[in-house]
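# Inside the fold
What follows is the residue order along each chain.
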Amino acid sequence: ESGSVAECLASFLPAFVVWPVWAYVMQKNDLWGEAFTRFYPMSLAMVAGCLIAGSTPLGGAVVAFPTAVLILKFDPAQGRDFAV
């Protein structure tokens with residue numbers, strides 16, 4: 001049967017594996033403050049880009065590039081690479 005619960009859970013398996021590992025590493029190395037106090041504009045921009053673009057990479061890049069370059073003062077090449 002297509003669309004079964006098992007198939008649905010399997011599609012989220014990478015997130016179920018990666019997120020706990022990421023949270024553990026962030027907690028163990030006390031990186032929460034550094035990541036979110038320094039780069040919170042990028043987090044907000046990525047959320048806004050998702051909402052505006054419907055979770056498409058191109059739409060997210062449209063929001064991410066100016067945020068990275070104008071607000072966070074990345075070089076344009078870094079902003080481009082990050083947005084892509």
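Above this note sits the structure.
Below, the structure is looked at part by part. Per chain, the residues get numbers from 1 upward, laid out in the order the sequence is written. Local features are withheld for residues below a pLDDT of 70 in this predicted model, meaning they are given only at 70 or higher, and side-chain atom pairs are given and counted only at 80 or more; totals for whole chains, interfaces and linings count all residues. Calculated side-chain values reflect all of the structure's heavy atoms, with hydrogen atoms and water omitted.

Turning next to the pattern of salt bridges. Note on definitions: salt bridges are taken to be side-chain nitrogens of Lys or Arg within 4 Å of carboxyl oxygens of Asp or Glu. For the structure shown, the criterion picks out 1 salt bridge. Here D81 and R80 are joined by a salt bridge, their closest N and O atoms 2.9 Å apart. Taking the relative accessible area as the measure of exposure, R80 reaches 46% and is therefore partly exposed. Each residue is placed in one exposure class: buried if its accessible area under a 1.4 Å probe, protein chains only, is under 20% of its type's maximum, exposed if it is over 50%, and partly exposed if it falls in between.

This part takes up the packing of aromatic side chains. Geometry of aromatic contacts follows a simple scheme: Phe, Tyr and Trp rings, the Trp one being its six-membered ring, pair when their centres are within 6.5 Å, and the pair is stacked under 30 degrees between planes, edge-to-face over 60, tilted otherwise. Counting across every chain of the model gives 4 aromatic pairs. Judged by centre distance (6.4 Å) and plane angle (40°), the ring pair of F12 and F16 falls under tilted. With relative accessibility at 46%, the residue F12 sits in the partly exposed group. Accessibility expressed as a relative area gives 48% for F16, which makes it partly exposed. One aromatic cluster is present, formed by W22, W32 and F36 through successive ring pairs.

Moving on, we get to helix α2 (residues 13-28). It helps to recall that an α-helix has 3.6 residues per turn; residues three or four apart then point in one direction. End to end, α2 covers 23 Å across 16 residues, agreeing with the expected 22 Å (1.5 Å per residue, within 8%). Downstream of α2 by a residue or two, D30 has a phi angle that is positive, lying close to 50°. The way it works is that DSSP assigns letters per residue, a run of H or I at least four long becomes a helix, a run of E at least two long becomes a strand, and they are numbered from the N terminus. A helix is expected to reach a length of 1.5 Å times the quantity of its residues less one.

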